[in-house]
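Descriptive structure summary
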Amino acid sequence: MADTLHHYGISLSWTGNLGQGTPGYREYAREYNISGEHGKFLKGSADPKFLGKKECWNPEELLIASLSACHQLWYLHLCAEAGVSVVQYRDDTKGIMNEKEGKFTEVTLQPHVTISKESNKEIAISLHRLAHDKCYIANSVNIKIEINASIEFTS
């Protein structure tokens, strides 16, 4: 029987000590490095609104990126199984975080998909709902997730 439990791990290392630790809220930097297996590396920080660096990934962006990527991977898998040939996929995901409530209140996935002329557009549209239902990340969070998908045929 195949193992159904998958284990993941990363290493996060704070790099924002400016020489004195954290004596006050404005006296340290928010940067950190995340490394994973096989040499993967990511530079992170806080959102610039919280004194972070804009050129680094922040946790809020990583959350919506995870939702978008998981949806896309499931969608491509389901399309391949259903005979829908996807030739291009782009998603411009947006998220709303309510700082006062201390949580994300909504994420909107906006996948724009181009399929081959031979593919069935109705099936392509319907598979977004199934991809959402199967997405491990979406199933792990308590956020309202909207999907505003568009489908077009290749020219």
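Look a little higher up for the structure.
In this report, the structure presented in the accompanying data block is examined.

Calculation criteria
Residues numbered from 1 in each chain as written. Predicted model: local features only at pLDDT ≥ 70, side-chain atom pairs only at ≥ 80, totals over all residues. Heavy atoms only, no water. Pairing = 2+ DSSP bridges. Helix = DSSP H or I, 4+ residues; strand = E, 2+ residues; numbered from the N terminus. Axes fitted to C-alpha atoms, helices over the stretch in contact; angles between N-to-C directions. Contact = heavy atoms within 4.5 Å. 1 Å grid on protein atoms, 1.4 Å probe; cavity = no way out; pocket = protein on both sides within 12 Å on 5 of 7 lines; lining within 4 Å. Points joined across faces, edges and corners; volume = space filled by probe spheres on them. Nonpolar A, V, L, I, M, F, W, Y, C, P; charged D, E, K, R; others polar. Phe/Tyr/Trp six-rings, centres within 6.5 Å; stacked < 30°, edge-to-face > 60°. Buried < 20%, exposed > 50% of the residue type's maximum accessible area, 1.4 Å probe, protein only. Lys NZ or Arg CZ within 6 Å of the ring centre and 35° of its normal. Parallel < 35°, antiparallel > 145°, perpendicular 65-115°, else oblique. Left-handed = near helix turned anticlockwise from the far one by under 90°.

Concerning the sheet that holds strand β7 (residues 111–115)
The strands making up a sheet associate through hydrogen bonds between their backbones, and the pairing can be parallel or antiparallel. Here we have 3 strands laid out as an open sheet, ordered β4-β7-β9, and mixed in their pairing. The open sheet has two free edges, formed respectively by β4 (86–91) and β9 (150–153), since each of these has just one partner strand. Strand after strand, the sheet turns through a mean of 15° between neighbouring axes, direction not considered. The pairing of β7 with β9 spans 4 bridges and is classified as parallel. If you follow Thr114 over to β9, its bridge partner there is Glu152. Sitting on the sheet, helix α1 (residues 59–82) touches β4, β7 and β9, and the angle it makes with β4 is about 165°. Against the sheet, helix α2 (residues 121–134) touches β4, β7 and β9, its axis set at about 150° to β9.

Topic: the layout of surface pockets
Considered as a void within the structure, the largest pocket measures approximately 720 Å³ in volume. If you go around the largest pocket, you meet 25 residues; those closest to its centre are Ile10, Ile34, Leu42, Leu62 and Ser66. Going through the elements one at a time, β2 (32–35), β3 (41–44) and α1 are the ones with two or more residues in the lining of the largest pocket. A class-by-class count of the residues in the lining of the largest pocket yields 17 nonpolar, 6 polar and 2 charged.

Digging into the packing of aromatic side chains
Applying the stated rule across the entire model yields 3 aromatic pairs. Each ring, one from Trp74 and one from Tyr136, has its centre 5.7 Å from the other, and the planes form 70°; the classification is edge-to-face. Taken together, the residues span a long stretch of sequence, with Trp74 in helix α1 and Tyr136 in the loop between α2 and β8 (144–147) at a distance of 62 residues. Trp74 gets classed as buried once you look at its relative accessible area, which sits at 17%. Against the face of Tyr25 rests Arg30, its NZ or CZ located 4.5 Å from the ring centre. Sitting over the ring of Tyr28, Arg30 keeps its end group 3.8 Å from the ring centre.

Let's talk about the packing of α1 against α2
Between α1 and α2, the least distance of the axes is 8 Å, while the angle of their chain directions is 130°. If you check the angle between α1 and α2, you find them oblique. Judged by the sense of rotation from one axis to the other, the crossing of α1 with α2 is right-handed. Packed against α1, whose contacting residues are His71, Trp74, Tyr75, Leu78, Cys79 and Ala82, the element α2 presents Ile123, Ala124, Leu127, His128, Leu130, Ala131, His132 and Lys134 at the interface. Looking at side-chain class alone, the contact of α1 with α2 contains 10 nonpolar, 3 polar and 1 charged residues.

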